[in-house]
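Tertiary structure, described
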Amino acid sequence: MAKYLRGERPDYAYLKSLFQHLRTELEVDIPITPKKLPFVPTEEELKRYYDVVWKSKNFQDMMIIKTLLYTGARVSELININLLEVDFNYCQIRINKGKGNKDRIVPFPHSFKEMLAMHSDSMAKKQAVYLFESSWKKKYTDRGIRKILAKYSEEAGLAQNLSPHKLRHFLLTWLKKQGIDDALIQPYSGHESRKSLEVYSRLAITDAQQALYNGL
């Protein structure tokens, strides 16, 4: 087959069409790996987790976890938030060069404003550049943030570590359960298409079913 094709100098589109035709003729079925729903912690697990964080009295760890939970920021975005990119007037944080190298604005609740402002002022007095920096005056690494979250997951006795992405899944699923329109959820998610948010609709439906049937 390669011998015959070589003379035709096939491009990608030609080969794709050829193999699609061959699969049809030979009745070849392509196995499709089913997409698994992401793990989302329950509200009870999250409460148990945060109780452990609260008891630690580590203010910066609290702020890291709350910022992840309230904004849905990815860990790669969180560690690059500059102090100047937090707007306390509008309760927003500018994410520069997020996924897909795109900028976006993420809101945070007004109730979080005071705590975040206290943390921001503290970091500014230390002449920090980033919203979160270690005691060595360096911004955190992706791995460093994950280690912090994993430590509290273990102390809380959770079956699975609460990674930054699982906190993100919790927020986006929670917003869907509140009936908030996808257009308002997109700034948190950073997804261009509403189709990317379908998984959170499915997760919200699953939770709603469990709540309904548990009550019967």
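Just so we're clear, the structure is a prediction, and the values are computed from it rather than from any experiment.

Applying the stated criterion across every chain yields a total of seven salt bridges. The shortest N-O distance in the salt bridge between Glu 44 and Arg 48 comes to 3.4 Å. Taken together, the residues span about one helical turn, with Glu 44 and Arg 48 both in helix α3 (residues 43-56) at a distance of four residues. Judged by its relative accessible area of 48%, Glu 44 falls in the partly exposed class. Among the salt bridges present, the one from Glu 77 reaches Arg 74, with a minimum N-O distance of 3.0 Å. With respect to burial, Glu 77 and Arg 74 carry one shared label: buried. Here the salt bridges do not stand alone but share partners, grouping Arg 74, Glu 77 and Arg 104 into one network.

For the rest of this paragraph, the subject is the packing of α3 against helix α4 (residues 59-71). Describing two packed helices takes the angle between their axes plus the distance from one axis to the other. Where α3 contacts α4, the two axes come as close as 10 Å, and the packing angle between them is 155°. With respect to each other, α3 and α4 are oriented roughly antiparallel. As α3 packs across α4, the resulting crossing turns out to be left-handed. Facing α3, whose interface residues are Leu 46, Tyr 49, Tyr 50, Val 53 and Trp 54, α4 presents Met 62, Ile 65, Lys 66 and Leu 69. For the contact of α3 with α4, a count of residues per class yields eight nonpolar, no polar and one charged.

Quick look at unusual backbone geometry now. The phi angle at Cys 91 is positive, at roughly 55°, despite the residue not being glycine. Position of Cys 91 among the secondary structure elements: in the loop between β1 (86-87) and β2 (92-95). Using a relative accessible area of 7% as the deciding quantity, one classes Cys 91 as buried. With phi around 60°, Lys 137 is a residue other than glycine that occupies positive phi space.

Further remarks concern the packing of aromatic side chains. Counted under the stated rule, the structure contains four aromatic pairs. Residues Tyr 70 and Phe 112 carry aromatic rings whose centres are separated by 4.9 Å and whose planes lie at 65° to one another, so their mutual orientation is edge-to-face. Of this pair, Tyr 70 sits in helix α4 while Phe 112 sits in the loop between β3 (104-107) and α6 (113-125); the two residues are 42 residues apart in sequence, bridging distant segments of the chain. The exposure class assigned to Tyr 70 is partly exposed, which follows from its relative accessible area of 24%. Among the residues examined, Phe 112 registers a relative accessible area of 1% and is labelled buried. Three or more aromatic residues link up through ring pairs in this structure, and these residues are Tyr 70, Phe 88, Phe 108 and Phe 112.

Here we take up the packing of α4 against helix α8 (residues 164-177). The contact between α4 and α8 brings their axes to 7 Å, and the two run at 40°. Here α4 is positioned oblique relative to α8, judged by the angle of their axes. For the pair α4 and α8, the crossing hand works out as right-handed. Residues Ile 65, Leu 68, Leu 69, Tyr 70 and Thr 71 of α4 touch α8, and the partners they reach there are Pro 164, Leu 167, Phe 170 and Leu 171.

With burial as the criterion, only one face of β3 is covered, namely that bearing Arg 104 and Val 106; the residues Ile 105 and Pro 107 on the opposite face remain uncovered. Here β2 runs beside β3; their pairing, made up of four bridges, is antiparallel. The partner of Ile 95 across the bridge, within β3, is Arg 104.

Cut-offs and rules
- Residues numbered from 1 in each chain as written.
- Predicted model: local features only at pLDDT ≥ 70, side-chain atom pairs only at ≥ 80, totals over all residues.
- Heavy atoms only, no water.
- Salt bridge = Lys/Arg side-chain N within 4 Å of Asp/Glu carboxyl O.
- Helix = DSSP H or I, 4+ residues; strand = E, 2+ residues; numbered from the N terminus.
- Buried < 20%, exposed > 50% of the residue type's maximum accessible area, 1.4 Å probe, protein only.
- Axes fitted to C-alpha atoms, helices over the stretch in contact; angles between N-to-C directions.
- Parallel < 35°, antiparallel > 145°, perpendicular 65-115°, else oblique.
- Left-handed = near helix turned anticlockwise from the far one by under 90°.
- Contact = heavy atoms within 4.5 Å.
- Nonpolar A, V, L, I, M, F, W, Y, C, P; charged D, E, K, R; others polar.
- Phe/Tyr/Trp six-rings, centres within 6.5 Å; stacked < 30°, edge-to-face > 60°.
- Pairing = 2+ DSSP bridges.

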